[in-house]
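Overview (structure and organization)
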Amino acid sequence: EGYFLYYVCLSGEETSDEHGSSVVCMAKSKDGLAWEPMATGVAKEGLPEHVLLSGPPKPAGWWVYRDANPEAQGRYLTTNSPILRGPSGVGLQDVPSVLLDSWDGLTWNVIPDSEFLPHHSDTCNALVYNPIKGRYQITIRRRWGERRVFQVESTDLVKWTAPHPVLHPSPIDPPSTHFYGMPQFFIPSAGLFVGFLWLQHMPYNDVMGGPVTTEYAYSYDGDLWNRSHTVAMPRREPGCFGAGSIYGTAMIERDEDVLVYAVARVEEHHAIRRLIEDGTQSAVLLSGSLRKNGFVGLVSNRGRGEITTECLLLDRPEIAINVNAPLGGVRVQLCDTGYRPLPGCTYDDCREIQGDLVSAEVVWGDGGAFRKVVEANQWVRIQVEFEHAEIFSIDTECAVAINPMAPVRRDL
């Protein structure tokens with residue numbers, strides 16, 4: 001009947017760390033947008049009542065996840081990658097990164113033998129259950145100071161694979177671009193993994209500074225990740241929260257939309273010390289919403305546009321499209337592999353779609369011609385003609401091929 005928010009902040013406790021000690025706190029909300037601190041009942045004496053976990057070692061990389069494994073039955077999981085400074089605050093001691101579980105989101109226990117990394121991973125260690133592979137996976141940094149995205153996997157939350165890289169800066173990135181981390185999410189309605197890839201844009205000859213921005217990444221199976229090279233959340237005006245760095249951190253799919261969240265910082269990376277000394281707030285949580293299955297769209301920005309898919313082998317006589325056509329309209333037709341329209345499934349036969357619709361059914365006449373095409377098990381292409389409109393997705397069940405003479409494959 002609402003939402004929990006888990007967030008890490010500075011407590012002001014004495015510590016050998018120059019940045020102070022961190023604690024995990026909780027808040028609650030009915031709509032996921034307006035939040036209020038929540039008493040946890042476990043805060044140590046001297047700390048605010050909404051503190052859930054404190055050190056030493058100080059908690060870090062905390063990531064809470066509602067377990068989507070069908071066998072979990074309502075379990076919550078979280079990653080914790082503690083930080084413990086060495087003598088005189090120099091270096092880091094090896095404290096294992098582990099998993100905790102909970103049945104109510106309030107009482108947490110370390111899962112025995114759940115170490116997924118023998119030391120600290122200096123990022124958001126994002127855990128999800130992968131229903132395609134039937135396993136859990138965590139995006140991490142392999143070690144402190146190595147700014148690439150790695151991943152570990154497990155079928156039982158105990159035996160974890162060695163870290164392997166899934167995303168690495170490429171030659172087309174600006175010089176000194178580092179990957180600071182990547183929260184990952186599985187979107188069931190789209191069958192797609194989406195990542196908020198954190199890019200740190202470092203100044204020349206500076207290993208710590210520079211702004212951090214968020215870019216979309218995506219995967220069809222949770223193994224092979226693709227970059228979009230598209231900014232998910234633009235930085236804001238200087239002096240505003242989000243001007244220095246903006247970290248996309250969370251995503252929740254709802255029936256009508258997708259809630260998204262970002263930690264928006266005034267300062268660029270590693271400039272927090274001056275804010276601590278000034279007693280200035282450095283970050284806020286920004287919240288907003290995305291269109292359902294609307295991560296990317298095609299716009300007919302010159303009046304009228306048309307798109308044509310690769311060859312498809314349809315499994316059912318059902319096609320829905322996600323479009324916004326406030327002024328013009330959208331029509332759909334089927335054609336054969338040689339781009340010849342199929343009788344009864346042409347633009348002229350299609351009922352025009354108008355308005356802002358997340359799932360608009362495509363209808364040709366009484367549907368008889370469409371059913372015959374599907375029953376004939378023939379390769380087709382879908383063409384969409386749209387005017388003053390934007391199309392976000394086409395939803396159907398099918399096999400996909402660039403060459404219809406090739407063997408049929410139904411998995412991406």
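Attention here is on the structure that accompanies the text.

Conventions and cut-offs
- Residues numbered from 1 in each chain as written.
- Predicted model: local features only at pLDDT ≥ 70, side-chain atom pairs only at ≥ 80, totals over all residues.
- Heavy atoms only, no water.
- Salt bridge = Lys/Arg side-chain N within 4 Å of Asp/Glu carboxyl O.
- Pairing = 2+ DSSP bridges.
- Helix = DSSP H or I, 4+ residues; strand = E, 2+ residues; numbered from the N terminus.
- Axes fitted to C-alpha atoms, helices over the stretch in contact; angles between N-to-C directions.
- Phe/Tyr/Trp six-rings, centres within 6.5 Å; stacked < 30°, edge-to-face > 60°.
- Buried < 20%, exposed > 50% of the residue type's maximum accessible area, 1.4 Å probe, protein only.

A few words now on the pattern of salt bridges. Scanning the entire structure with this criterion turns up 21 salt bridges. E318 is the salt-bridge partner of R316, the closest N and O atoms lying 3.3 Å from each other. Between D336 and R340 there is a salt bridge, and its shortest N-O distance comes to 3.0 Å. A cluster of three or more residues bridged by salt bridges with shared partners is formed by K133, R135, E153 and D223.

On to the sheet that holds strand β18 (residues 245-253). One open sheet accounts for three strands, arranged β18-β19-β20; its pairing is antiparallel. Lying at the two open borders of the sheet, with one neighbouring strand each, are β18 and β20 (283-291). The average angle at which neighbouring strand axes cross in this sheet is 25°, direction not considered.

This part takes up the sheet that holds strand β6 (residues 76-80). Spatially, four strands are ordered β5-β6-β7-β8 in an open sheet, and the strand pairing comes out antiparallel. Looking at the sheet topology across the chains shown, the edges are occupied by β5 (63-66) and β8 (109-110). As defined by bridge partners, β6 adjoins strand β7 (residues 98-102) across five bridges and the pair is classed as antiparallel. Looking at β7, one finds that N80 is bridged to V98.

Before going further, it helps to examine the packing of aromatic side chains. Enumeration according to the criterion identifies 16 aromatic pairs in this entry. Judged by centre distance (6.1 Å) and plane angle (85°), the rings of Y6 and W108 are edge-to-face. Highlighted residues: Y6 in strand β1 (residues 3-10) and W108 in the loop between β7 and β8, separated in sequence by 102 residues. Here Y6 and W108 have matching classes, each one buried. Measuring from centroid to centroid gives 5.5 Å for F185 and F196, while their planes differ by 70°, and the two rings are edge-to-face.

Let us now look at unusual backbone geometry. Phi is mostly negative for residues that are not glycine, and the peptide bonds are mostly trans. Residue P56 follows G55 across a cis peptide bond; omega there is 0°. Following P56, the chain continues into P57 via a peptide bond in cis, with omega recorded as -10°. Mapped onto the elements of the fold, P57 is located in the loop between β4 (51-53) and β5. Residue Q73 is not a glycine yet carries a positive backbone phi of 55°. Within the secondary structure, Q73 is located in the loop between β5 and β6.

These values are about where atoms sit, not about what they do.
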